[in-house]
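Inside the fold
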Amino acid sequence: MPMKLFKCDESIPEREKHIYIKEKGEDTTQFLPSAHVETIPGSLSERGCSYCGAKLVIGGVLKDTIQLIHGPVGCAYDTWHTKRYPSDNGNFQLKYVWSSDMKEQHVVFGGEKLLKKAMLEAFAEFPDIKRMMVYTTCSTALIGDDIKPVVKEVEKELGDVDIFTVECPGFAGVSQSKGHHVFNMGWMTDKVGTFEPEITSPYTINVIGDYNIQGDTFVMEKYMEKMGIQIIAHFTGNGTYDSLRGMHRAQLNVTNCARSAGYIANELKKKYGIPRIDVDTWGFDYAKEGLRKIGAFFGIEDRAEAVIAEEVAKYESKLEWYKERLSGKKVCIWTGGPRLWHWTKALEDDLGMHVVAMSSKFGHQEDFEKVIARGEEGTIYIDDGNELEFFEVLEMVKPDLVLTGPRVGALVKKLHLPYVNGHGYHNGPYMGFEGAVNMARDMYNAIYSPLMKLAQYDIRTEQKKTVIAEENSKLGESEVEESKSFDITSTEAMLTAVNYAAVESSKIEAQPLLIPDNQPLLQENEVQQSKSIDITSTEAIAGFETSKIDTQPLLIPDNQLLPQWQQIGGNFPAFLEQLPKYLGSFSTEYQMPIICFATIITATIAVKIILAVLDVINEIPQLNLVFELTGIGYLIWFVFRYLFKASTRQELAAQISFIQKEIVEGQDS
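Since this is a predicted model, take the numbers as computed values, not measurements.

With respect to the sheet that holds strand β6 (residues 204-210)
The 4 strands are arranged β7-β6-β8-β9 in an open sheet whose pairing can be described as parallel. Lying at the two open borders of the sheet, with one neighbouring strand each, are β7 (230-236) and β9 (276-278). Across the sheet, the mean angle from the axis of one strand to that of its neighbour is 20°, orientation sign disregarded. Relative to β9, strand β8 (residues 252-255) runs parallel, the two sharing 3 bridges.

This is the structure:
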């Protein structure tokens, strides 16, 4: 049975439906993994939410639009600046994040007023920006905030702004794919056809499903410009709000990522009759095929071939260099959805690598059908994979490289396996001919990085022992015995030698230099240079020993070392002689802490004694009752003496005032 249940999933056997291992001669359509279904409880999913799919993947890429998230600030932060979507206007969309910053009180009383206030503030802070997208989140959807009437109020109040609403909270679907769908369909219904673009070429296209990850869009723009083709709209890499409103004027939809943008391409075909061409633009062979498809549609095949020839001449030799070094390497692809079937054949055909495992976060069954058809036998395919499954797969296939996102990449690095960021790239772009070389370079650098190999060794143990063993093996038997007196490989011994040398050098400077008769006198600058002594030199250390006065040698031969008990016994009388001095200086320096400590100890002992005495008194028969009766009698007397009459109360007040002045103010009445 090709469907696979991993050991880590034995407690959730339903996971078997989501894991497939391709075998020879099978009808793969009968064994497609279950996909685009709810995550099984107990499985730690790597998926993103539906709101994330709408905002982070598609809408948030536009370069001239305020992206306002109506919800807690965390929803805005989590989808801000987490992917590398640059633009040619100073990366406006990467610099800022907007949120209504919903709190508990707004959940209780509603957040529509807060939303309007936030929208007006955002437009006021950015007066040059006239376009906005407003997203609902789980919190605002659960309490029933109706954002469309609020949007209409703001548009009417400001007059010259255009706002698009995206009502796709995180819980709307099983994965971020739902956000792609909602955004596509909403934009098609509300905005496409409301703006007329300027047409500058007889050949016009929409590029759909390209989000300009590290400049991918710029690569496609360069190819189209050389072919004389005008791009009406980028959906949505380096795109503008109004250009997407004019998508209905294109003659062709070029769809690059069929999962996130295929919805709107299909709707444009239904409503406006615009044909759709699916292309793969990652890898040399795929880039050639894509450009030829576009050229054939417009009848400008010669232009396409000219672009292909120019790019191949520029980059093919570089790709061949990496192919020689990457051929045969095993790689896992654990990404979102369509990257699996975009990259599989590119890595295998262009570079000779073997894709041994694939995992999709939000792919549908048609995505798995494509990638399984392109994949090799024995490859593992996983829908909605979790961390434990990833670890088990790594143990099974032992890859040389993993293409995945930063979260899983962090886990992979702990196993000392290299990874390349398949979501945001390392050093892109990865699209087209240039991108294929960039991707090969990043994979080569990851696999052959010496740092990755060094990370597997603990230099505090294995390497240190190896170095010491090799050095000792080079020494003769007598040299080993002699080295016992001073281990130069020891850091502590070296520091001791350096400190000792520093003390002794001050003594040496006070002594005259002894110069052999047959040596000329040193010049002044040579004397100054002689003061800087190289502690790493054995001769210098020996020089220290011969120049010391009234001191013991730095290195004591083994036969002169005293037993430890004799050394301790010899130092003990000197210690007793200095003990009073040590105690005196200690008591002077720490006088206040000592007094406080003694006071606390004395008070504790006194309280203990008093409590003990009271316990003894309480043990005397009838004495406790006598004390109680005496207290009650005194209380009765006090009440009759001082509290019944006004005159006695005044007398009591006067006495209290007298006592207060005596104690507090320190003066007589």
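On we go.
Brief notes about helix α5 (residues 112-125)
Three or four residues apart is the spacing at which side chains of an α-helix point the same way, because the helix has 3.6 residues per turn. The first and last C-alpha atoms of α5 sit 20 Å apart over 14 residues, in line with the 20 Å expected at 1.5 Å per residue. Among the residues of α5, those classed as buried are L114, L115, A118, M119, A122 and F123. Viewed along the axis of α5, the buried residues span an arc of 160°, placing them on a single side of the element. Counted as exposed and oriented over 90 degrees from the buried face of α5: K113 and A124. Where the residues of α5 are buried, they touch β2 (66-70), β3 (98-99), α4 (104-109), β4 (131-136), α7 (147-158) and β5 (162-166).

Examining the sheet that holds β5
Within a sheet, adjacent strands bond to each other through the backbone by hydrogen bonds, running parallel or antiparallel. Strand order in this open sheet of 4 strands is β3-β2-β4-β5, and the pairing throughout is parallel. In this open sheet, the two edge strands, each paired with only one partner strand, are β3 and β5. Relative to β5, β4 runs parallel, the two being bridged by 5 bridges. Note on β5: the bridge partner recorded for M133 is F164. Sheet strands in contact with helix α1 (residues 50-58) are β2, β4 and β5, and its direction is about 165° off that of β4.

Focus on the side chain of H342
Within the element layout of this structure, H342 appears in helix α14 (residues 339-351). H342 sits in the buried class, given a relative accessible area of 0%. Within the structure, H342 has its side chain in polar contact with the backbone oxygen of N256 (distance 2.9 Å). Only 2.3 Å separates the side chain of H342 from the side chain of D280, close enough to count as a polar contact. With near-sequence residues (within four places) excluded, H342 lies in contact with N256, C257, V279, D280, W282, Y286 and R374.

Concerning the nonpolar core
The biggest cluster of nonpolar side chains holds 95 residues, and the ones touching the most others in it are F183, W187, M224, F235, L347 and M443. With residues up to four places along the chain from it excluded, the contact list for F183 reads A54, I58, G59, M133, Y135, F164, V166 and F235.

Brief notes about the environment of I277
Mapped onto the elements, I277 comes out in strand β9. As a C-alpha pair, I277 and K293 span 16 residues in sequence and 7.7 Å in three-dimensional space. Those residues within four positions of I277 in sequence are excluded, and the remaining contacts are L252, N253, V254, T255, K293 and F297.

Let's talk about the pairing of β8
What you see with β8 is no split at all: L252 and V254 on one side and N253 and T255 on the other are buried throughout. Judged from the 4 bridges that link them, β6 and β8 form a sheet pairing that is parallel. Bridging across to β8, V207 finds its partner in V254. Of the crossover connections in this fold, the one passing from β8 over helix α11 (residues 258-272) to the parallel β9 is right-handed.

A look at the environment of P429
Looking at the secondary structure, you find P429 in the loop between β14 (419-421) and α18 (432-448). Separated by 211 residues in the primary sequence, P429 and F218 place their C-alpha atoms 8.7 Å from one another. When near neighbours in sequence (up to four residues on either side) are disregarded, P429 contacts I213, Q214, G215, D216, V219, E434, G435 and N438.

Examining the packing of aromatic side chains
Within the structure shown, the criterion is met by 28 aromatic pairs. A centroid spacing of 6.3 Å and a plane angle of 5° characterise the contact between F183 and W187, whose relative ring orientation is stacked. Of this pair, F183 and W187 both sit in helix α8 (residues 177-190), 4 residues apart, roughly one helical turn. Residue classification places F183 among the buried residues on the basis of a relative accessible area of 0%. When its relative accessible area of 0% is taken as the criterion, W187 is described as buried. With a centroid separation of 5.2 Å and an interplanar angle of 45°, the aromatic rings of F638 and Y642 are classed as tilted. Of the two residues, F638 and Y642 are both situated in helix α27 (residues 623-643); the distance of 4 residues between them amounts to about one turn of the helix. Overall, the relative accessible area of 24% leaves F638 in the partly exposed class. A connected cluster of aromatic rings, assembled from ring pairs, spans F164, F183, W187, F235 and Y241. The positively charged end of R325 is found above the aromatic ring belonging to W321, 3.6 Å away from the centroid.

With respect to the packing of α14 against helix α15 (residues 365-374)
Interhelical geometry of α14 versus α15 gives an angle of 10° and a closest axis separation of 8 Å. It follows from the interaxial angle that α14 and α15 lie roughly parallel. Contacts between α14 and α15 involve L340, W341, H342, T344, K345 and E348 on the former and, on the latter, D367, K370, V371 and R374. For the contact of α14 with α15, the residue count by class is 3 nonpolar, 2 polar and 5 charged.

Some points on the pattern of salt bridges
A side chain of one charge can pair with a side chain of the opposite charge when the charged atoms of the two come close. Evaluation of the coordinates by the stated rule reveals 29 salt bridges. Ionic pairing is found between D88 and K63, a salt bridge with its closest N-O pair at 2.7 Å. Of this pair, D88 sits in the loop between α2 (73-78) and α3 (92-95) while K63 is found in the loop between α1 and β2, placing the two residues 25 residues apart along the sequence. Since its relative accessible area comes to 51%, D88 is described here as exposed. For D280, the salt bridge goes to R374, with nearest N and O atoms at 3.2 Å. Within this pair, whereas D280 is found in the loop between β9 and α12 (284-298), its partner R374 is found in helix α15, the two being separated by 94 residues in sequence. One network of salt bridges, in which partners are shared, links R131, D162, K191, D242 and R245.

Some thoughts on α8
Under the 1.5 Å per step criterion, the end-to-end length of α8 is 20 Å for 14 residues, consistent within 8% with the ideal 20 Å. Looking at α8, one finds that the buried residues are S177, G179, H180, F183, N184, G186, W187 and M188. The inward-facing, buried residues of α8 contact α1, β4, β5, β7, α10 (241-245) and α11.

Some details on the packing of α1 against α8
Taken N-terminus to C-terminus, the directions of α1 and α8 make an angle of 65°; their axes are 6 Å apart at the nearest point. Once α1 is placed against α8, the crossing between them reads as right-handed. On α8, the residues touching S50, G53, A54, V57 and I58 of α1 are K178, G179, H180, F183 and N184. Taken together, the residues of the contact of α1 with α8 break down into 4 nonpolar, 5 polar and 1 charged.

Calculation rules
Residues numbered from 1 in each chain as written. Predicted model: local features only at pLDDT ≥ 70, side-chain atom pairs only at ≥ 80, totals over all residues. Heavy atoms only, no water. Pairing = 2+ DSSP bridges. Helix = DSSP H or I, 4+ residues; strand = E, 2+ residues; numbered from the N terminus. Axes fitted to C-alpha atoms, helices over the stretch in contact; angles between N-to-C directions. Expected span 1.5 Å × (residues − 1). Buried < 20%, exposed > 50% of the residue type's maximum accessible area, 1.4 Å probe, protein only. Arc of directions from axis to C-beta. Contact = heavy atoms within 4.5 Å. Polar contact = N/O pair within 3.5 Å; in protein donor to acceptor, adjacent residues only side chain to side chain. Core = buried A, V, L, I, M, F, W, Y, C linked by side-chain atoms within 4.5 Å. Right-handed = clockwise from strand over helix to strand, strands pointing away. Phe/Tyr/Trp six-rings, centres within 6.5 Å; stacked < 30°, edge-to-face > 60°. Lys NZ or Arg CZ within 6 Å of the ring centre and 35° of its normal. Parallel < 35°, antiparallel > 145°, perpendicular 65-115°, else oblique. Nonpolar A, V, L, I, M, F, W, Y, C, P; charged D, E, K, R; others polar. Salt bridge = Lys/Arg side-chain N within 4 Å of Asp/Glu carboxyl O. Left-handed = near helix turned anticlockwise from the far one by under 90°.

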